[in-house]
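Per-entry structural report
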Amino acid sequence: MTTHAYWMVLCKTPDCRSAIVLRYVGPYEGDPPAFFLPEIEPDPFEQMCTRCDKSHKYTQGDLGVWSSPYTLELGETPQI
Ligand SMILES: [Zn+2]
């Protein structure tokens, strides 16, 4: 089964902590892929959370890889 990998950050609002999809990395099957840091500029960057409507500053270090069998829209806040 093909899985889709995304770069995401976790919302910094304490009561929210939603995963925010920032960038689609690509599909992969089987082995965990080796990903390079995405070109998200500037660093830090500001990202709005569509679930709590607050925006926070994030750095490249806040980024994580998240995979899903589903196709997600950028900016989406899926349940994890
Ligand atoms: Zn939020």
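Remember, it's a predicted structure, so these values are computed and weren't measured experimentally. (Residues numbered from 1 in each chain as written. Predicted model: local features only at pLDDT ≥ 70, side-chain atom pairs only at ≥ 80, totals over all residues.)

In terms of regular secondary structure, the protein chain is built from zero helices and five strands. Within the protein chain, the fraction of its 80 residues that count as buried is 16%. For the protein chain, the share of sequence-separated contacts (at least 6 apart) that also reach a separation of at least 24 residues comes to 59%. (Helix = DSSP H or I, 4+ residues; strand = E, 2+ residues; numbered from the N terminus. Buried ≥ 20, exposed ≤ 12 C-beta atoms within 10 Å, placed from the backbone. Contact = placed C-beta atoms within 7 Å.)

Below, the discussion takes up the sheet that holds strand E1 (residues 3–10). Within a beta sheet, neighbouring strands are joined by backbone hydrogen bonds and run either parallel or antiparallel to one another. Here we have three strands laid out as an open sheet, ordered E2-E1-E5, and antiparallel in their pairing. Pairing within the sheet leaves two strands with one partner each, and these edge strands are strand E2 (19–28) and strand E5 (64–68). Taking each pair of neighbouring strands and ignoring which way they run, the sheet shows an average axis angle of 35 degrees. Here E1 runs beside E5; their pairing, made up of five bridges, is antiparallel. (Pairing = 2+ DSSP bridges. Axes fitted to C-alpha atoms, helices over the stretch in contact; angles between N-to-C directions.)

The subject of this paragraph is the environment of Asp43. For Asp43, the location among the structural elements is in the loop between E2 and strand E3 (45–48). On the basis of neighbour counts, which here come to 13 C-beta atoms within 10 Å, the residue Asp43 falls in the partly exposed class. In this structure, Asp43 is in contact with Thr59 and Gln60, ignoring residues within four places of it in sequence.

On to unusual backbone geometry, then. Of note in the backbone geometry, Arg17 takes a positive phi value of approximately 55 degrees without being a glycine. Of note, Arg17 is situated in the loop between E1 and E2. Non-glycine residue Asp53 carries a positive phi angle of around 65 degrees. Structurally, Asp53 is set in the loop between E3 and strand E4 (55–58).

In this section: the confidence of the model for the protein chain. Segments scoring low in pLDDT should not have their predicted coordinates read at a detailed level. Scored by pLDDT, the protein chain comes out at a mean of 85, with 84% of its residues at no less than 70. Ranking the elements of the protein chain by mean pLDDT puts E5 last with 85 and E4 first with 96. (pLDDT = per-residue confidence, 0-100.)

With that settled, the discussion passes to the environment of Glu73. By secondary structure assignment, the location of Glu73 is in the segment after E5. As for Glu73 and Val21, which are separated by 52 residues in sequence, their C-alpha atoms are 7.2 Å apart.

With that settled, the discussion passes to the nonpolar core. Core analysis: the largest hydrophobic core is formed by twelve residues, namely Tyr6, Trp7, Met8, Val9, Cys11, Ala19, Ile20, Val21, Leu22, Cys49, Tyr58 and Leu63. Of all the elements in the fold, those that place two or more residues in this core are E1 and E2. (Core = buried A, V, L, I, M, F, W, Y, C linked by C-beta atoms within 7 Å.)

For a regular strand, the rule is simple: side chains alternate between the two faces of the sheet. Pairing analysis gives four bridges linking E3 to E4, with the strands arranged antiparallel. Bridge pairing links Phe45 to Tyr58 in E4. Where E3 folds back on E4, the antiparallel hairpin that results is connected by six residues, among which Asp53 adopts a positive phi of roughly 65 degrees.

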